[in-house]
Amino acid sequence: MAERQAADGGHPLDLRTAAKTLEAQPFSVLVGARLAAFGEGGATIEVDVREELRQQNGFVHGGVLAYLADNTITFAAGTVLGSAILTAGFAVTYVRPASGNHLRARATVLTSTRSQAVCSCEIVAVGEDGTERICATAQGTVRRAQ
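Within any chain, residue numbers begin from 1 and follow the written order of that chain's sequence. With the structure being a predicted model, the display of local features is reserved for residues of pLDDT at least 70 and the display and counting of side-chain atom pairs for 80 or more, all residues being used for whole-chain, interface and lining totals. As a convention, hydrogens and water are excluded, and side-chain values are obtained from all of the structure's heavy atoms.

Trainee: Describe the side chain of Ser 28, listing the residues and the values that go with them.
Mentor: Helix and strand definitions follow DSSP, with helices as H or I runs of at least four residues and strands as E runs of at least two, each counted in order from the N terminus. Counting through the fold element by element, Ser 28 comes out in helix 2 (residues 26-31). On the basis of relative accessibility, which here comes to 2%, the residue Ser 28 falls in the buried class. In protein, a polar contact requires one atom able to donate a hydrogen and another able to accept it; more generally it is a pair of N or O atoms within 3.5 Å, and residues adjacent in sequence count only if both atoms are side-chain atoms. Among the polar contacts made by the side chain of Ser 28, one reaches the side chain of Asn 71 at a distance of 3.3 Å. Other than its neighbours up to four places away in sequence, Ser 28 contacts Leu 22, Ala 33, Tyr 67 and Asn 71. A 1.4 Å probe rolled over the protein chains alone gives each residue an accessible area, and that area as a share of the maximum for its type sets the label: buried under 20%, exposed over 50%, partly exposed in between. By the convention used here, residues are in contact when the closest approach between their heavy atoms is within 4.5 Å.

Structure, rendered in C-alpha cells:
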C-alpha cells in the first residue's frame, strides 16, 4: 500500500502508523484489538474471542461489538481525513449473537468532505473453519477535530 499524506497535514498515514495509533489506545490493548488492514478508504480491526469478552449467555458482549464498530469506522475515516479526528456519532444494529474464534470488523468510507466522512461497517464472527457469520452492522460519521 502506498503512503498518502494526511489530510490534516500530519505524518503520512499507512498501516504501520495506524497500527501504532491503535496500540497506543489503552482500551484497545485491553480488548486485544489488532489492525489487519488500513488504507484507500477502508480499515479492518480484529479481536480474538476470549472469556473476558463474553456476556452471561456465552456470546461476545454487545459493548465489544460497539467498540469494534466505532473504532473501525474511525480508522477508515482516517484514511481520507488524517489522524486528528473524532467520532461524531454512530448507530449499530445487532444482527445475531456473536460467537466464534475471533471477530473481524471491516469499515469503508461511503462519502467524505474535507471535514467529515460517513462510513459503514460490518462485523463478522469467524469460526474455527474460517466461516464468517455477520453479527452486526453500523454506520457512523467522523469529523476532523479542529
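Now, onward.
Trainee: Lay out the packing of aromatic side chains with the relevant residues and their values.
Mentor: Two rings from Phe, Tyr or Trp (for Trp, the six-membered ring) form a pair when their centres sit within 6.5 Å of each other. Planes less than 30 degrees apart are called stacked, planes more than 60 degrees apart edge-to-face, and all others tilted. Under the counting rule described, the total for this entry stands at two aromatic pairs. Consider the rings of Phe 27 and Tyr 67, whose centres lie 5.4 Å apart with planes at 70 degrees: the pair is edge-to-face. One end of the pair, Phe 27, is in helix 2; the other, Tyr 67, is in helix 3 (residues 62-81), and 40 residues separate them in sequence. For Phe 27, a relative accessible area of 48% translates into the label partly exposed.

Trainee: For the layout of surface pockets, give the residues involved together with the corresponding values.
Mentor: A volume near 250 Å³ is recorded for the largest pocket. For each structure, a 1 Å grid was placed over the protein atoms alone; sets of points admitting a 1.4 Å probe that cannot get out are labelled cavities, open sets with protein on both sides within 12 Å along at least five of seven lines are labelled pockets, and lining residues have an atom within 4 Å of a point. In this structure, the largest pocket is lined by 14 residues; those nearest its centre are Thr 21, Phe 75, Gly 82, Ser 83 and Ile 85. In the scheme used here, Gly and all other residues not listed as nonpolar or charged are polar, with Ala, Val, Leu, Ile, Met, Phe, Trp, Tyr, Cys and Pro taken as nonpolar and Asp, Glu, Lys and Arg as charged. When its residues are assigned to classes, the lining of the largest pocket shows five nonpolar, nine polar and no charged. Grid points are joined across faces, edges and corners, and a volume is the space filled by probe spheres set on the points.

Trainee: Hey, could you go over the packing of helix 1 (residues 15-23) against helix 3 for me, with residue numbers and the actual values?
Mentor: A pair of packed helices is characterised by two quantities: the angle between their axes and the separation of those axes. Interaxial angles span 0 to 180 degrees and are taken between N-to-C directions of axes, which are lines fitted to C-alpha atoms, for helices over the stretch in contact. Running from amino to carboxyl end, helix 1 crosses helix 3 at an angle of 145 degrees, the nearest separation of the two axes being 12 Å. Seen from above, helix 1 lies across helix 3 with right-handed handedness. Contacts between helix 1 and helix 3 involve Ala 18, Thr 21 and Leu 22 on the former and, on the latter, Tyr 67, Asn 71 and Phe 75. Of the residues in the contact of helix 1 with helix 3, the class split is four nonpolar, two polar and no charged. Take the far helix as your reference; a near helix turned counterclockwise from it by less than a right angle gives a left-handed crossing, and one turned clockwise gives a right-handed crossing.

Trainee: Please provide a residue-by-residue account of the nonpolar core, values included.
Mentor: Counting residues in hydrophobic clusters, the biggest one holds 38 residues, and the most contacted among them are Leu 35, Leu 68, Phe 75, Leu 103 and Ile 123. For this core, the elements supplying multiple residues, two or more each, are helix 1, strand 1 (33-39), strand 2 (42-48), helix 3, strand 4 (102-112), strand 5 (116-126) and strand 6 (132-144). Among the elements that make up this core, the one with the highest residue count is helix 3 (ten residues). In this view, Leu 103 contacts Ile 45, Glu 46, Val 47, Val 49, Val 60, Val 64, Leu 65, Leu 68, Ala 98, Val 124, Ala 125 and Cys 135; residues no more than four positions away in its chain are not counted. In this text, buried Ala, Val, Leu, Ile, Met, Phe, Trp, Tyr and Cys residues form a nonpolar core when linked through side-chain atoms within 4.5 Å.

Trainee: I'd like to hear about the pairing of strand 6, residue by residue, with values.
Mentor: Relative to strand 6, strand 3 (residues 85-94) runs antiparallel, the two sharing nine bridges. Bridged to Tyr 94 within strand 6 is Ala 136. Here, any two strands with at least 2 DSSP bridges between them count as paired. Sheet topology note: the strand 5/strand 6 ladder contains eleven bridges and is antiparallel. Bridge pairing in strand 6 links Val 118 to Thr 141. Linking strand 5 back to strand 6 in an antiparallel pair, the connection comprises five residues, with Gly 130 at a positive phi of about 90 degrees.

Trainee: So what's going on with the environment of Glu 132? Residues and values would help.
Mentor: Relative to the assigned elements, Glu 132 resides in strand 6. Linking Glu 132 and Arg 104, residues 28 residues apart in sequence, is a C-alpha distance of 8.7 Å. In contact with Glu 132, other than residues within four places in its own chain, are Arg 104, Arg 106, Val 124, Ala 125 and Val 126. Looking at Glu 132, its side chain comes within polar contact range of the side chain of Arg 106, at 2.6 Å.

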